[in-house]
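# Structural overview for review
Listed here are the chains, written in short residue letters.
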Amino acid sequence: MNTQLNSVNRLRHPVKRFRHGVLGGALLALLVAPISQAAPPPSGVFVQAQSWVEVEPDKATLSARLWENTPAVSALEDTQSDELSGARQRLEQRASELIAAIEEAGIEQRAITAGSLNVYPEYVAGPRSDNGEQENLMRTRLERPFSVELADIEQLGDVLDALIGAGVNALDGVQFDLHDRDAATDEALTKALEKARHKADLMATTLGVELGHVQRIEETQAPSFQPRMMAMRAESDAMGSGSASDYRPGTIRIDAGVNVEWAITGQDAPGRPDRAEEAPAR
């Protein structure tokens, strides 16, 4: 009986050794396969480039405000309704005169936006009494904002002069813009790509290698466009008699950035052919 068991065990050992050998070989193949089949490390010329364009604005939007105040009274008193009504009538009359002055400067009515009426209280310092105490007074301000869109930037000076002549209370600023933003942003991106190509050509020529196909293109900074704001906040009674036509719009800057990678070809890059050429024919 023992002899039979020993014979069976001797037969099982070769089977186990064979099974372990197969599993070990398969594991070794799994470990080696990724190394042998892995693609060669990427090689080439990698370039970062940034560029920008500066363009002159060709349109503008001007913001201004008109307001009227009721008489300042003690904070303990209520503003009379007839005083509010009178302030509103004066404001509406001035608004009509302001719009007429803008139209006389050559601006179409549809380019003029008259905002809604805003009403809010204001606290002002009153005169001091004999004992040195100062009472806070309150008045009500009625205000209307205006904006004027100028399709022709050359009209800016005439419109500013018209606003000042009409007695506008405040000029809040001018926002300069472009009719065709896409053309300007396209130009900025094109310049960034041209700069990347120039840098790659310079690097390849200096190192004596040849550029192959473009492998990757990445936009690192989308062309950003920000309308240029010219601050003009000023009270009409402090403007004096100077002409507003002396203002200049300046330029608007648009930035763009790219990353571009080229393959290296030629005898100076052994084992690193152009990726487009190494693809097997099918």
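Read on for an overview of the structure. (Residues numbered from 1 in each chain as written. Predicted model: local features only at pLDDT ≥ 70, side-chain atom pairs only at ≥ 80, totals over all residues. Heavy atoms only, no water.)

Turning our eyes to something else, we now look at a nonpolar patch on the surface. A cluster of nonpolar side chains, contributed by Leu193, Val214 and Ile217, occupies part of the molecular surface with about 260 Å² of accessible area. Turning to its location among the elements, Leu193 is positioned in helix α4 (residues 181-207). (Patch = residues over 30% accessible without salt bridge, like charges linked within 9 Å, V, L, I, M, F, W, Y side chains within 5 Å. Areas by Shrake-Rupley, 256 points an atom, 1.4 Å probe, with all protein chains shown as cover. Salt bridge = Lys/Arg side-chain N within 4 Å of Asp/Glu carboxyl O. Helix = DSSP H or I, 4+ residues; strand = E, 2+ residues; numbered from the N terminus.)

Right, let's get into the sheet that holds strand β1 (residues 45-55). Hydrogen bonds between backbone groups are what pair the strands of a sheet, and the pairing can be parallel or antiparallel. Overall, antiparallel pairing links the three strands, which are arranged β1-β11-β8 in an open sheet. Each edge of the open sheet is held by one strand with a lone partner, namely β1 and β8 (210-224). The mean inter-strand angle of the sheet, taken between neighbouring strand axes irrespective of direction, is 20 degrees. Pairing between β8 and strand β11 (residues 252-265): nine bridges, direction antiparallel. Counted as the bridge partner of Arg216 is Glu261 from β11. In the packing of α4 onto the sheet, the strands contacted are β1, β8 and β11, and the crossing angle to β1 comes to about 145 degrees. (Pairing = 2+ DSSP bridges. Axes fitted to C-alpha atoms, helices over the stretch in contact; angles between N-to-C directions. Contact = heavy atoms within 4.5 Å.)

On to a negative patch on the surface, then. Together, Asp58, Asp180, Asp182 and Asp186 line one region of the surface with negative charge. When you line up the elements, Asp182 lands in helix α4. (Lys, Arg positive; Asp, Glu negative; His and termini not counted. Charge placed at Lys NZ, Arg CZ, Asp CG, Glu CD.)

Let us now look at the packing of aromatic side chains. Aromatic ring pairs are defined here through the distance separating the ring centres and the angle between the ring planes. Under the counting rule described, the total for this entry stands at zero aromatic pairs. Lying over the aromatic face of Trp67, Arg141 brings its terminal NZ or CZ to 3.9 Å of the ring centre. (Phe/Tyr/Trp six-rings, centres within 6.5 Å; stacked < 30°, edge-to-face > 60°. Lys NZ or Arg CZ within 6 Å of the ring centre and 35° of its normal.)

Attention shifts here to the pairing of strand β7 (residues 170-177). Judged by how many residues are buried, β7 sits mostly within the fold: six of eight residues are covered. Taken together, the seven bridges between strand β2 (residues 59-69) and β7 define a ladder with antiparallel strand orientation. Across the sheet, Ala64 pairs through a bridge with Leu171, a residue of β7. (Buried < 20%, exposed > 50% of the residue type's maximum accessible area, 1.4 Å probe, protein only.)

Look at α4: 40 Å from first C-alpha to last across 27 residues, which is about the 39 Å you get at 1.5 Å a residue. Those residues of α4 that sit buried are Ala184, Thr185, Ala188, Ala192, Ala196, Ala200 and Ala204. As for α4, its buried residues are in contact with β1, β8 and β11. The opening residue of α4, the one whose side-chain oxygen lies 3.4 Å from the backbone nitrogen of Asp182, is Asp180. Of the residues one or two after α4, Gly208 is the one with positive phi, at around 70 degrees. (Expected span 1.5 Å × (residues − 1). Polar contact = N/O pair within 3.5 Å; in protein donor to acceptor, adjacent residues only side chain to side chain.)

Looking now at the pattern of salt bridges. Evaluated as defined, the whole model comprises 13 salt bridges. Its salt-bridge partner being Glu68, residue Arg90 comes within 3.2 Å of it at the nearest N-O pair. Highlighted residues: Arg90 in helix α2 (residues 81-104) and Glu68 in strand β2, separated in sequence by 22 residues. According to the relative accessible area criterion, Arg90 is partly exposed, its value standing at 39%. Between Glu261 and Arg216 there is a salt bridge, and its shortest N-O distance comes to 3.8 Å. Separated by 45 residues along the polypeptide, Glu261 in strand β11 and Arg216 in strand β8 bring together distant segments of the chain. The buried category is assigned to Glu261, whose relative accessible area is 13%.

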